[in-house]
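Letter by letter, the chains look like this.
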Amino acid sequence: MTLNELVDFSGLASEAILKEEFDTEAERDLAAQQMQKRIAEMRSSVERGLTSDKASITGMVGWNAKGLWEADDVLKAPLLKRVQAYAMAVNEENARMGRIVAAPTAGSAGTLPGALLGVADHLELSDEHLLNPMFLAAGIGKIIGQSMFIAGATGGCQAEIGSSAAMAAAAVCELLGGTAHMSVHAATMALMNTIGLVCDPVGGYVEVPCVSRNAFFSVHAVSSAQLALAGLESVIPPDEVVGAMASVGRMLPAELRETGEGGIAATPTGRRIALKMLGENTDM
Amino acid sequence: MSLLDVIGPVMVGPSSSHTAGACRIALLARHCLGCQPDQAQLELHGSFAKTGKGHGTHQALLAGLLGCYPDDERIPKALELAKAAGLEFDFMEKDLGDVHPNTVRLNLQKAEAKVSVVGSSLGAGLVKMIRINQFEANFSGSYHTLLIEHDDKPGVIARVARVLADDEVNIATIHSARQKRGGKALMSIEMDKRPAQYALEYLTNVSYISWLRMLPEVMSGDKHDAE
């Protein structure tokens, strides 16, 4: 299936994804059980992340989610704070070798739980409402993955966080009653506005900017869902946007694809941190 | 790719390639040896060597050798666990040549049993095993995998295929490599289900077959889903 086909589906987008993936009721039920476990794992990683301030392996992150979660809500925007804190909680758990659910990668694992669990909790929706949106998110990721490798080393960060934001945008959109048309446009707008983002982690570690980036792009996903639910659409058809992202990925020089040789990784401070870690690494 | 591969695996962080992939490679290597090693020499290539520590690659590899799957919360403590389990290990940096940047060679030993395995972590937790002892290999851990070392004689592959066919086991991929004409050869067969135990026992007695290992599928294996 393509996104252009999914956008015209008359039912819920998740229904189309489930129909395409599973031939029998039994297969579908088994997958649903496994997806429920993934939702529970995501919840668990959020809870651990919000209450821990243990430093990551390198010591660059580890207290951001808890710090935000316990800070005053000066903006009086509890949804915003919740979404950002949840996203960072997952990525900080990841950075301290806690257990997380890759979605689609470990580095972008916070975006989907940040947006989807954040919105659900804000609106006090129970977890059974999350199952179909989760399958939709997975389906969107799978379709994007057919056009490009979902890895920072091949497509830049746009391929990782762009995919996770598109998945999350569609999921939130459907959770809030969006049609297939709206959900696919939510994903498309999220993707379109991520194109060009480079993968430049300091020292090559999944910490800076990855942790804060998940906070930003979980909000980005919620924004996309909001626009789509209000009837806004991408002028460029969904599959053409995916094609554009894949094409930009191929244009990115190696320095900006997870090598630590460009972007913020190549700043004087970024290089200093990388050298320091390398020194500690060789001591081992 | 299934939907549960996109949202998944459930894994201990921080990196699907440096942690989850490394764990899976070592887990497959353990099954190549056929038991838990008591000595392991781990040669890290490229990015595995350079950024291994910050990504928990060392812990993930040892955890895999101890039989852990990528979602096992004992992974961060694997160095201590390995020592407690009497596993002697030695990490070293090594240029393994023209291979993927995330590649490791594991030289494993338990008493008389020895195996040397090379695997690459391709990203998103996917792995490819590229060498078993002196043989080129090609399997992914996404299927039940049968490894058979045999003499390079006519009909051995057909014989193995016949046994699998009789057990109604469908072959997904098959790869065969030999040292030299008439020398030793290794085949790796990826299958949609695990052959019955009696079929495997039968194969170990087939002429010209000198070594056989049955490796589990390790990809959908969040252990927690399996249990």
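Residues numbered from 1 in each chain as written. Chains lettered and ligands numbered in written order. Predicted model: local features only at pLDDT ≥ 70, side-chain atom pairs only at ≥ 80, totals over all residues. Heavy atoms only, no water.

Visitor: Kindly report on the overall build of chain A, identifying the contributing residues and their values.
Guide: Within chain A one finds 13 helices and 1 strand. A compact globule built from 284 residues would reach a C-alpha radius of gyration of about 19 Å, and chain A, at 18 Å, matches this within 12%. Its C-alpha atoms give chain A principal-axis dimensions of roughly 60 × 40 × 40 Å. Partitioning the intrachain contacts of chain A with sequence separation of at least 6 by distance along the chain shows that 75% fall at a separation of at least 24. For chain A, the separation between the mean place of its 20 positive charges and that of its 33 negative charges on side chains is 7 Å. (Helix = DSSP H or I, 4+ residues; strand = E, 2+ residues; numbered from the N terminus. Rg over C-alpha atoms; globule rule 2.2 N^0.38 Å. Contact = heavy atoms within 4.5 Å. Lys, Arg positive; Asp, Glu negative; His and termini not counted. Charge placed at Lys NZ, Arg CZ, Asp CG, Glu CD.)

Visitor: An account of the sheet that holds strand β5 (residues 113-123) of chain B is requested, with residue identities and associated values reported.
Guide: All names here are of chain B. The 6 strands lie next to each other as β3-β2-β4-β5-β6-β7, forming an open sheet whose pairing is mixed. Only two strands of the sheet have a single partner each, and these edge strands are β3 (88-93) and β7 (135-139). Averaged over all pairs of adjacent strands, the angle between their axes in this sheet comes to 20°, without regard to strand direction. Across the face of the sheet, helix α2 (residues 16-33) comes into contact with β4 (102-110), β5 and β6 (126-132) while running at roughly 155° to β5. Its contacts with the sheet put helix α4 (residues 57-65) on β2 (39-45), β3 and β4, and the angle it makes with β2 is roughly 140°. (Pairing = 2+ DSSP bridges. Axes fitted to C-alpha atoms, helices over the stretch in contact; angles between N-to-C directions.)

Visitor: Talk me through a nonpolar patch on the surface; I want residue IDs and the actual numbers.
Guide: All names here are of chain A. Residues Met 192, Val 235 and Ile 236 make up a contiguous nonpolar surface patch of about 280 Å² in total accessible area. Positionally, Val 235 belongs in the loop between α11 (210-229) and α12 (238-251). Using a relative accessible area of 78% as the deciding quantity, one classes Val 235 as exposed. (Patch = residues over 30% accessible without salt bridge, like charges linked within 9 Å, V, L, I, M, F, W, Y side chains within 5 Å. Areas by Shrake-Rupley, 256 points an atom, 1.4 Å probe, with all protein chains shown as cover. Salt bridge = Lys/Arg side-chain N within 4 Å of Asp/Glu carboxyl O. Buried < 20%, exposed > 50% of the residue type's maximum accessible area, 1.4 Å probe, protein only.)

Visitor: Tell me about helix α7 (residues 131-147) of chain A, and name the residues and values.
Guide: Residues lying three or four places apart along an α-helix face the same way, a consequence of the helix completing one turn every 3.6 residues. A rise of 1.5 Å per residue sets the reference length of α7 of chain A, with its 17 residues, at 24 Å; its end C-alpha atoms lie 25 Å apart and thus fit the reference within 8%. Of all 17 residues making up α7 of chain A, 13 are buried, and the element is well covered by its neighbours. (Expected span 1.5 Å × (residues − 1).)

Visitor: So what's going on with unusual backbone geometry? Which residues, and what values?
Guide: A cis geometry characterises the amide bond from Ala 103 of chain A onward to Pro 104 of chain A, with omega recorded as 0°. Its location among the elements puts Pro 104 of chain A in the loop between β1 (99-101) and α6 (111-122). For the bond from Gly 8 of chain B to Pro 9 of chain B, the omega torsion is 5°, close enough to zero to count as cis. Of note, the phi angle at Asn 133 of chain B is positive, near 50°, even though the residue is not glycine. Positionally, Asn 133 of chain B belongs in the loop between β6 and β7.

Visitor: Go over the pattern of salt bridges, please, and point to the residues and values.
Guide: All names here are of chain A. Per the counting criterion, the structure on display carries 14 salt bridges over all chains. The partner of Glu 21 in a salt bridge is Lys 142, with the nearest N and O atoms 2.8 Å apart. Taken together, the residues span a long stretch of sequence, with Glu 21 in helix α2 (residues 13-21) and Lys 142 in helix α7 at a distance of 121 residues.

Visitor: Pulling in residues and values, what's your account of the packing of aromatic side chains?
Guide: Residues and elements named next belong to chain A. With the rule as written, the count across this model stands at 3 aromatic pairs over all chains. Centroid distance Trp 69 to Tyr 86: 5.9 Å. Interplanar angle 55°. Geometry classified as tilted. Placement of Trp 69 in helix α4 (residues 64-70) and of Tyr 86 in helix α5 (residues 78-95) is noted, with a sequence separation of 17 residues between them. (Phe/Tyr/Trp six-rings, centres within 6.5 Å; stacked < 30°, edge-to-face > 60°.)

Visitor: An account of the sheet that holds strand β8 (residues 144-151) of chain B is needed here, citing residue identities and associated values.
Guide: All names here are of chain B. Strand order in the open sheet formed by 4 strands is β9-β10-β8-β11, with antiparallel pairing between adjacent strands. Looking at the sheet topology across the chains shown, the edges are occupied by β9 (171-178) and β11 (209-215). Adjacent strand axes in the sheet meet at a mean angle of 15° when their direction is disregarded. Here β9 pairs with strand β10 (residues 184-191) via 7 bridges, running antiparallel. Looking across to β10, one finds that His 175 is bridged to Ser 188. Those strands touched by helix α6 (residues 156-166) are β8, β9, β10 and β11, and its axis lies near 25° from that of β10. The strands touched by helix α7 (residues 197-204) are β8 and β11; relative to β11, the strand with the most contacts, the crossing angle is about 155°.

Visitor: Just give me the short version of the pairing of β4 of chain B, but keep the residues and values in it.
Guide: For a regular strand, side-chain orientation follows a simple rule: the groups alternate between the two sheet faces. All names here are of chain B. When β2 meets β4, the two strands line up antiparallel, connected through 7 bridges. Looking at the pairing, Ala 40 lines up with Leu 108 of β4. Between β4 and β5, which pair antiparallel in sequence order, lie 2 residues; one of them, Ala 111, sits at a positive phi of approximately 50°.

Visitor: Please provide a residue-by-residue account of the interface of chain B and chain A, values included.
Guide: By a frequent convention, interface size equals the accessible area lost on bringing the separate parts together. Between chain B and chain A, the residue contacts involve 35 residues of the former and 40 residues of the latter. Approximately 3,200 Å² of surface area, both sides summed, lies buried where chain B meets chain A, with 63% of it carried by carbon and sulfur atoms. At the level of elements, α1 (3-6), β1 (10-12), α2, α3 (46-50), α4 and α8 (223-226) of chain B are the ones that each hand at least two residues to the side of chain B that touches chain A. Split by residue class, the side of chain B that touches chain A holds 14 nonpolar, 14 polar and 7 charged. Sheet analysis places β1 of chain A next to β1 of chain B, joined by 3 bridges and oriented antiparallel. Residue pairing in the sheet places Arg 99 of chain A in a bridge with Val 12 of chain B of β1 of chain B. (Buried area = accessible area lost by both parts, 1.4 Å probe. Nonpolar A, V, L, I, M, F, W, Y, C, P; charged D, E, K, R; others polar.)

Visitor: Describe the nonpolar core, with residues and values.
Guide: Nonpolar side chains tend toward joint burial in soluble globular proteins. Counting 90 residues, the largest nonpolar core has Leu 6, Leu 112, Phe 135 and Ile 140 of chain A together with Ile 7 of chain B as its most contacted members. Top contributing element to this core by residue count: helix α9 (residues 157-175) of chain A, with 13 residues. When sequence neighbours within four positions are dropped, the list of residues in contact with Ile 7 of chain B reads Met 35, Arg 38, Met 42, Val 101, Ala 102, Ala 103, Leu 112, Met 134, Ala 137, Ala 138 and Met 167 of chain A. Counting 47 residues, the second largest nonpolar core, distinct from the first, contains Leu 65, Leu 66, Val 115 and Met 219 of chain B. (Core = buried A, V, L, I, M, F, W, Y, C linked by side-chain atoms within 4.5 Å.)

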